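# Tertiary structure, described
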Amino acid sequence: MRRTPISAQADRTESRSASITVIDPSPLSLLALAGVLDAEGWKCVCGRNNDMAVAALDMGPQDLFVFDVGDDAAAVLDTLAAIRSREEYEKVPAVLLAESQWAGLEKQIESLPVTRCLFKPIDPPSLVAVVQQLLWMPGLVEAHRRRGSRPSRPGWVNL
């Protein structure tokens with residue numbers, strides 16, 4: 001078993017101070033999601049319904065939202081729109097976690113700023129990679145997605 005040296009672990013957790021709101025109606029999956037993010041050094045505010053996501057805004061600045069879509073993708077998208085209606089959260093990144101029954105949701109959210117959709121089962125390293133990408137430079141990620149989708153020359157991708 002490979003172990004990360006303690007000094008490397010300390011560097012990793014000190015460099016991450018983002019606050020992530022995790023919303024999931026299932027208590028076990030909420031704990032698992034928050035546990036993965038907490039193990040990476042991010043602060044987590046947890047809730048079991050969409051109203052709690054809006055309430056989390058009063059608990060201090062939130063840097064990213066992770067929503068389990070559950071049975072109502074429309075309610076999650078409405079909640080995200082309500083959060084983004086506040087000026088300071090206009091472009092807050094979000095990750096939507098969905099069952100396969102919501103296939104096509106990724107197409108619906110394409111027009112939303114810095115929003116990603118992952119389908120279950122979720123691989124923890126994949127979730128961490130998406131969160132890192134969204135927290136690092138959300139504006140750059142959005143611009144890259146728009147420009148990088150169609151190469152200007154065959155065989156080349158604009159970064």
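Quantities reported herein were computed from a predicted structural model and do not represent experimental measurements.

## Brief notes about the pattern of salt bridges
Summed over all chains, the structure comprises three salt bridges. When the shortest N-O distance is used, the salt bridge between Asp58 and Arg86 registers 3.8 Å. Of the two residues, Asp58 is situated in the loop between α3 (50–56) and β3 (64–68) and Arg86 in the loop between α4 (73–84) and β4 (94–98); the sequence distance between them amounts to 28 residues. Residue Asp58 is classed as exposed on the basis of its relative accessible area, which comes to 62%.

## A look at the sheet that holds β3
The five strands are arranged β2-β1-β3-β4-β5 in an open sheet whose pairing can be described as parallel. Each end of this open sheet is capped by a strand with a single partner; those strands are β2 (43–47) and β5 (115–119). Direction aside, neighbouring strands of the sheet carry axes that sit 20 degrees apart on average. Bridging between β3 and β4 involves four bridges; their strand directions are parallel. Along β4, the bridge assignment pairs Phe67 with Leu96. Packing of α4 onto the sheet brings it into contact with β3, β4 and β5, and relative to β3 it is tilted by some 165 degrees.

## Focus on the pairing of β3
Within β3, five of the five residues are buried, which leaves it mostly tucked inside the rest of the structure. Burial along β3 is two-sided: the residues Leu64, Val66 and Asp68 and Phe65 and Phe67 are all buried. In this view, the connection linking β3 to its parallel neighbour β4 by way of α4 has right-handed handedness.

The rules behind the values
- Residues numbered from 1 in each chain as written.
- Predicted model: local features only at pLDDT ≥ 70, side-chain atom pairs only at ≥ 80, totals over all residues.
- Heavy atoms only, no water.
- Salt bridge = Lys/Arg side-chain N within 4 Å of Asp/Glu carboxyl O.
- Helix = DSSP H or I, 4+ residues; strand = E, 2+ residues; numbered from the N terminus.
- Buried < 20%, exposed > 50% of the residue type's maximum accessible area, 1.4 Å probe, protein only.
- Pairing = 2+ DSSP bridges.
- Axes fitted to C-alpha atoms, helices over the stretch in contact; angles between N-to-C directions.
- Contact = heavy atoms within 4.5 Å.
- Right-handed = clockwise from strand over helix to strand, strands pointing away.

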